[in-house]
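Next come the chains, spelled out residue by residue.
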Amino acid sequence: MGKFEAFVEPPSTDPLDVLSRFTSHEQLERILRVKNKSLLTDVAEIASIANPSSIFVHTGSLQDRDYIKRKALDGREELPSRHSKHTVHFDGPNDLARDKANTRILVPYGEGIPLLNTLDRESGIEEIASLLKGSMKGREMFVAFYLYGPRNSRFSLYGVQVTDSAYVIHSEDILYRNCYTEFVERGEEIEYMLFLHSAGARDENGWSRDVDKRRIYIDLKGNAAYSVNTQYAGNAVGLKKLSLRLAVYKGFKEGWLAEHMFIVGVLGPGGRVSYMTGAFPAGCGKTATAMSADTVVGDDLAIIRNIGGVARAVNPEVGMFGIIDGLNPVDDAEIYRVLVNPEIEAIFSNVLLTEDGEVWWRGKESEPREGVNYAGRWKPGKTDGRGVLLLPSHPNARFTVSIYHLNKLDPAIDDPLGVPVSAFVFGGRDSTTLPLVQEAFDWFHGISTMGAALESESTAAVLGRTGEIEFNPFAILDFLSISPGALVDLHFKFGEKLDKVPRVFSVNYFLRGEDGRYFSEKRDKRVWLKWMELRVHGDVNALKAPTGLLPLYDDLQMLFDKELGKSFNEGLYCEMFKLKVPKLMSKIERIYEIYSGIRDTPPLFFEILRLQLEKLKEARSRYGDIIEPFKLDKG
Ligand code: SPV
Ligand code: MN
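Everything quoted here is computed from the prediction, not taken from an experiment.

Focus: the environment of V57
- Note on placement: V57 falls in strand β1 (residues 54-57).
- Relative accessible area serves as the criterion here: at 0%, V57 is assigned to the buried category.
- If near-sequence neighbours (up to four positions away) are discounted, V57 is found in contact with Q27, R30, I31, D64, V143, F145 and Y180.

Things to note about the coordination of the manganese ion (ligand 2)
- Around the manganese ion (ligand 2), the protein contributes the donor atoms K241 (NZ), H260 (NE2) and D300 (OD), which lie 2.2 to 2.3 Å from the metal centre.
- Taken in chain order, the donor set of the manganese ion (ligand 2) reads K-x18-H-x39-D. Taken together, the residues span a long stretch of sequence, with H260 in the loop between β12 (257-259) and β13 (261-267) and D300 in the loop between β15 (295-298) and β16 (302-307) at a distance of 40 residues. Side by side, H260 and D300 carry an identical accessibility label, which is buried.

Considerations on the site of ligand 1
- By nearness alone, every residue bordering ligand 1 is listed as R98, Y232, G234, K240, K241, H260, A282, D300, F321, R398, A461 and F479.
- For ligand 1, an oxygen atom lies 3.3 Å from a polar atom in the side chain of D300.
- Taken by itself ligand 1 offers 280 Å² of open surface, and the protein chains cover 97% of this.
- A per-class count over the shell around ligand 1 returns five nonpolar, two polar and five charged.
- Each of domain 1 (5-81 + 99-254) and domain 2 (257-319 + 411-580 + 617-631) contributes no fewer than three residues to the shell around ligand 1.

Some thoughts on the pattern of salt bridges
- Applying the stated criterion across every chain yields a total of 49 salt bridges.
- Between K69 and E345 there is a salt bridge whose closest N-O contact spans 3.6 Å. Residue K69 is found in helix α4 (residues 62-74), and its partner E345 is found in the loop between α11 (333-339) and β19 (346-349); the two are separated by 276 residues along the sequence.
- K587 is the salt-bridge partner of E455, the closest N and O atoms lying 3.1 Å from each other. With E455 in strand β27 (residues 455-457) and K587 in helix α17 (residues 581-596), this residue pair connects regions lying 132 residues apart in the sequence. Taken as a pair, E455 and K587 share a single burial class, namely buried.
- One continuous salt-bridge network, built from bridges that share partners, spans K240, K241, K286, D300 and E317.

As for the domain arrangement of the protein
- Domain boundaries assigned for the protein yield domain 1 (5-81 + 99-254), domain 2 (257-319 + 411-580 + 617-631) and domain 3 (321-404).
- Taking only C-alpha atoms, the centre of domain 2 and the centre of domain 3 are 29 Å apart.
- Between domain 2 and domain 3, the residue contacts involve 14 residues of the former and 14 residues of the latter.
- Across the domain 2 to domain 3 interface the summed buried area is about 1100 Å²; carbon plus sulfur atoms make up 63%.
- Here domain 2 is connected to domain 3 by one salt bridge.
- The partner of K522 in a salt bridge is D332, with the nearest N and O atoms 3.3 Å apart.
- When residues of the side of domain 2 that touches domain 3 are assigned to their parent elements, the largest contribution, three residues, is made by β15.
- Of the residues contributing to the side of domain 2 that touches domain 3, the split by class is eight nonpolar, four polar and two charged.

What counts and what doesn't
- Residues numbered from 1 in each chain as written.
- Chains lettered and ligands numbered in written order.
- Predicted model: local features only at pLDDT ≥ 70, side-chain atom pairs only at ≥ 80, totals over all residues.
- Heavy atoms only, no water.
- Helix = DSSP H or I, 4+ residues; strand = E, 2+ residues; numbered from the N terminus.
- Buried < 20%, exposed > 50% of the residue type's maximum accessible area, 1.4 Å probe, protein only.
- Contact = heavy atoms within 4.5 Å.
- Donors = N, O, S within 2.8 Å, 3.2 Å for Na, K, Ca; no water.
- Near = heavy atom within 4 Å.
- Polar contact = N/O pair within 3.5 Å; in protein donor to acceptor, adjacent residues only side chain to side chain.
- Areas by Shrake-Rupley, 256 points an atom, 1.4 Å probe, with all protein chains shown as cover.
- Nonpolar A, V, L, I, M, F, W, Y, C, P; charged D, E, K, R; others polar.
- Domains from an automatic or database assignment.
- Salt bridge = Lys/Arg side-chain N within 4 Å of Asp/Glu carboxyl O.
- Buried area = accessible area lost by both parts, 1.4 Å probe.

Below you can see the structure in the form of structure tokens.
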């Protein structure tokens, strides 16, 4: 009995009979080597409903990888560029980002999850089955197997992707480790996440035509996700963010963390390495922060478990799907070098592809020339229907490359036990309120006032308006499958059981002055990381603010000089670290109010927030509304 059994007509017979209708002898052999009955049933049911012309089973071999790339080009899902290893993919003008409104968690009838977009499971599956009906007619259906984590690791999960898009599989070939072999060797024992995707009907450009019927449903009970009428990777690549929701749910049941976090190593005195994980909403400098560290384990996702009392993290991915807009050779030297190397395989999405085959994005040294982009033909000066200038390359344009090309790749990338985490960092896009960096008083204070209280202005990574301040706990609200209250509780309990509890920090690169100018430059990220590293080891002192511990001016001055050869004046320090008490109080009040409506929030969380408010009130009566950092005592 598969997930779609009720929708197969005539009712499914033996999956083998069904599969043999869609497969050549060779492909049938490949799938039959995977001895997992429920998987065969799922694939057979999907094929009966979607009716592809054939099925291709990806074994992970080089030939199969080449076949997928060729299919992506033949089907014009990817366009060639001047360099044979660089291809360009366009999602279509109405499919350029994650679709929050149509992404839902399927739950039992009558149930809901606070703040999440849910739908009753039966209706959701029925809707997907009807949208899927005949959707792969005339197209090949690909079945591919990927690991979500290192090989031979207790952290890792397994995913099976079924899709009619060669671009989706090509992306996954870059982003994840293939595990067909593991499925052949131990198929029956493997518990897998199933990802079903169809781009649906396509228009003359190859873009999904029925984006109004775009649906992304996450089926917790079935350990599956379904996505139709879309191509944008955040909606379509199952192992990316659809898997994250399934992992969050599994982690919640089993007591570990699936996070929207980078994992980096920061070098400290004497050559020590301190690993940090950092949660930032999309478009808030997460990849850039990762690249500014000394070593990189991951730039987007982390699975963190308690191993012998230590929080250890692995990156479930081996590639990056990062924002390319603005990447330039000065601020982003590490990744820029990879992206302009013609020998490195890369997919560029929603950039400008010029007539002479150059891939152009904002940040390239050349000027953009005529070509095609996310909205069709483009030339300098082109406007949209309302007279607004069309950007040559989209703000959510992205690159897909393997992480193994980074010079800074951490040697532990494939370690089944991951790396020990000594700091959790939370960052958002907040122009007005939080100081540049601060350290929490302890785990519970940090989880409550930094992780659970994260707010950030919306960006182009999600369809809809940008620049609006949004509640985004742990920078993972878009990828949650449990209540934010339960997530706080999970973090509390996770920390409680550790012998070595990570320190918690918040950063805010986006703080601006009244003239709208950012106080912090892109390359300053390195200084904030280095300060945190010194704090982890108790090497520098800090100022005790009511909301946390702040850096001393002298320490930052030393780090700016040492890391960037840059002077750092006291006036700027004051702007970055002065506390605006009324704004900080309103933030805590807003957060308190939100969680008051979430029943499973632990009582300790409210206690911490009340205490935080008390401290802010006391400070206000002592110092007034604005507190200059120089007035604070050392902590
Ligand atoms: C994000 O939006 O957080 C991303 C890209 O990392 S996506 O795959 O769209 O989620
Ligand atoms: Mn992300």
